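Observations on the model geometry
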Amino acid sequence: MAVVVLGVGLYLFQPWKLWQNETVSEALPTVPTAPPPGSSPTAAPTNSGPAPAADPGPQTLLHGTLISHEHTTTGTAKLIRLSDGTRTLRLENLDTSNGPDLRVWLTDAPVKEGKDGWEVFDDGKHVSLGKLKGNKGDQNYEIPADVNLADYSSVTIWCDRFNVSFGAAALSAA
């Protein structure tokens, strides 16, 4: 019986992950620029009309600084709109503990300091952007087109196994 209890405990808690780091170093996503239809990439430019509008590049819509909850967590969160209109959540300089079943969520919950903020993010509206790619580094998470950013005010690194936030950031206008 003790072996079964130990096995289940190890499966649930996965304590070895506390000593394993996964570093991710993703560049900010870019939108490939394609030549206009009917033109060739080697064609000489012509002066037959106004110059195309300059690509505005990525624009930071919202940003916030991660605070610690269940585990020490630091870094920044940015919601970025790319020139093609797609949106990305970017975590920069993330540093948190590794753990079982960690997710990245956009939520409508207020970010609270201390233990009061650990378990609030699944009480209201939230959308999962996927599994946390790594517990350290820079990483990008695509935001689905049907997500209304006005409905969400924070980001959390959420442990789905234990329903607790490792860390979170309140989002404000850039």
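Residues numbered from 1 in each chain as written. Predicted model: local features only at pLDDT ≥ 70, side-chain atom pairs only at ≥ 80, totals over all residues. Heavy atoms only, no water.

A separate point is the overall build of the protein. Broken down by element type, the protein carries 1 helix and 11 strands. Across the protein, contacts joining residues at least 24 apart in sequence account for 68% of those joining residues at least 6 apart. Taken as a whole, the protein presents about 10,100 Å² of accessible surface, with 56% of it coming from carbon and sulfur. (Helix = DSSP H or I, 4+ residues; strand = E, 2+ residues; numbered from the N terminus. Contact = heavy atoms within 4.5 Å. Areas by Shrake-Rupley, 256 points an atom, 1.4 Å probe, with all protein chains shown as cover.)

Attention shifts here to the nonpolar core. The biggest cluster of nonpolar side chains holds 26 residues, and the ones touching the most others in it are L79, L89, L91, V104 and L106. Contributing elements (two or more residues each) for this core: β4 (74-81), β5 (87-95), β6 (102-107), β7 (126-131), β8 (136-143), β9 (154-159) and β10 (164-170). Excluding residues that lie within four positions of it along the chain, L79 makes contacts with Q59, T60, L61, L62, T88, L89, L106, I143, L149, V155 and L171. (Core = buried A, V, L, I, M, F, W, Y, C linked by side-chain atoms within 4.5 Å. Buried < 20%, exposed > 50% of the residue type's maximum accessible area, 1.4 Å probe, protein only.)

This next bit is on the sheet that holds β8. Sheet strands pair via backbone hydrogen bonds, and the direction of the pair is either parallel or antiparallel. With respect to topology, 6 strands assemble into an open sheet ordered β1-β8-β5-β4-β2-β11, the strand pairing being mixed. Lying at the two open borders of the sheet, with one neighbouring strand each, are β1 (23-25) and β11 (172-173). Two elements, β5 and β8, share 7 bridges in a ladder whose sense is antiparallel. Counted as the bridge partner of D95 is K136 from β8. (Pairing = 2+ DSSP bridges.)

Our next topic: the packing of aromatic side chains. Under the definition given, this model contains 2 aromatic pairs. Ring centres of W105 and W158 lie 4.8 Å apart, and the angle between their planes is 20°; on these two criteria the pair is classed as stacked. One end of the pair, W105, is in strand β6; the other, W158, is in strand β9, and 53 residues separate them in sequence. Of the two residues examined, W105 and W158, each falls in the buried class. In textbook terms, an aromatic cluster arises when at least three aromatic residues are bridged by ring pairs, as seen for W105, F121 and W158. Residue placement shows K133 over the ring face of Y141; its charged tip is 4.8 Å from the ring centre. (Phe/Tyr/Trp six-rings, centres within 6.5 Å; stacked < 30°, edge-to-face > 60°. Lys NZ or Arg CZ within 6 Å of the ring centre and 35° of its normal.)

On to the pattern of salt bridges. Tallying each qualifying case throughout the model produces 7 salt bridges. The salt bridge involving D101 is made with R103; its shortest N-O contact spans 2.9 Å. Given a relative accessible area of 23%, D101 falls into the partly exposed group. Put simply, K78, R90, E92 and D138 are held in one network by salt bridges that share partners. (Salt bridge = Lys/Arg side-chain N within 4 Å of Asp/Glu carboxyl O.)

Here we come to the sheet that holds strand β3 (residues 67-68). The strand order across the open sheet built from 5 strands is β3-β10-β9-β6-β7, with neighbouring strands paired in antiparallel fashion. Two strands in the sheet have a free side with no partner beyond their single neighbour: β3 and β7. Here 6 bridges tie β9 to β10, and the two strands are oriented antiparallel to one another. If you follow S154 over to β10, its bridge partner there is A170.

Our next topic: unusual backbone geometry. Phi at D101 takes a positive value of approximately 55°, unusual for a residue other than glycine. Its place among the elements puts D101 in the loop between β5 and β6. Backbone geometry at N163 places phi at a positive 50°, although glycine is not the residue there. Within the element layout of this structure, N163 appears in the loop between β9 and β10.

As a further point, take the environment of R103. The residue R103 is located in strand β6 in this model. Sequence separation of R103 and K133 is 30 residues, and the distance between their C-alpha atoms is 8.7 Å. Residues within four places of R103 in sequence aside, it is in contact with S128, G130, K131, L132, T156, I157, W158 and D160. Separated by 2.9 Å, the side chains of R103 and D101 make a polar contact. (Polar contact = N/O pair within 3.5 Å; in protein donor to acceptor, adjacent residues only side chain to side chain.)

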